[in-house]
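Next come the chains, spelled out residue by residue.
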Amino acid sequence: MSRVAISMADFEGFASPLVGLPVSHIWQGYGSTIFLEFGILMPGRRRRRDGSLGNPCGEFTLIIESWRIEGKRRIWCGSSSDAERWPRAFLRLQDATVTAVSVVGRLPEIDIALGSGLHVVSCITTEGDPEWGLIKRQGGQTLSVGSLAGRLMLESKSPEDRQPHA
């Protein structure tokens, strides 16, 4: 595994293949963490306690711990909202096509714009770094970008380093 700081131009090159892909699957991890899977889905590699396969993996995965879903004129819901509001908002994301990916702010937060007019935005409200990661799977390699100490960081993992996907 290796980790290096990257420029905004490097991030744009990393994320550009995400534009045009649909949101194929959305699932909730621990607490308020959400996972958005984009593009063609591959079966999960991890088994649940009941023996069933875990969630599928997309060509890209966005993991966000603190987030909100923005409409044109209001916030639909977020990680601090009542969790009962989430399923309806998640349905609006399902199958929507990514139209833009950007990073905003002095401490990089990610903004995924969708053809439905909605945006999925990371928005940390506690101390520390913004807690999001954008994972790209290509040619047997897993690459991910996130924010650390105000910089965009690219991490590369070979198949031997990989942990099973929940």
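These numbers come from a predicted model, not from an experiment.

1. Describing the sheet that holds strand S9 (residues 119-122)
Strands pair in a sheet through their backbones, by hydrogen bonds, and they do so in one of two ways: parallel or antiparallel.
In step 1: With antiparallel pairing, 5 strands are arranged side by side in an open sheet as S6-S5-S9-S8-S7. Each edge of the open sheet carries a strand with a single partner, namely strand S6 (75-78) and strand S7 (98-104). Averaged over all pairs of adjacent strands, the angle between their axes in this sheet comes to 15 degrees, without regard to strand direction.
In step 2: The pairing of strand S5 (residues 67-70) with S6 spans 3 bridges and is classified as antiparallel.

2. A few points about the packing of aromatic side chains
Between two aromatic rings, the relevant description is the distance of the centres plus the angle of the planes.
In step 1: Following the criterion strictly, the structure yields 6 aromatic pairs and no others.
In step 2: When the ring of Trp27 is compared with that of Phe35, the centres are 3.9 Å apart and the planes differ by 10 degrees; the resulting orientation is stacked.
In step 3: Residue classification places Trp27 among the buried residues on the basis of a relative accessible area of 9%.
In step 4: Phe35 gets classed as buried once you look at its relative accessible area, which sits at 14%.
In step 5: With 5.2 Å between their ring centres and 65 degrees between their planes, Trp67 and Trp86 make a pair best called edge-to-face. Here Trp86 lies in helix H2 (residues 86-93) and Trp67 lies in strand S5, a separation of 19 residues in the sequence. There is no split in this pair, since Trp67 and Trp86 are both buried.

What counts, and at which threshold
Residues numbered from 1 in each chain as written. Predicted model: local features only at pLDDT ≥ 70, side-chain atom pairs only at ≥ 80, totals over all residues. Heavy atoms only, no water. Pairing = 2+ DSSP bridges. Helix = DSSP H or I, 4+ residues; strand = E, 2+ residues; numbered from the N terminus. Axes fitted to C-alpha atoms, helices over the stretch in contact; angles between N-to-C directions. Phe/Tyr/Trp six-rings, centres within 6.5 Å; stacked < 30°, edge-to-face > 60°. Buried < 20%, exposed > 50% of the residue type's maximum accessible area, 1.4 Å probe, protein only.

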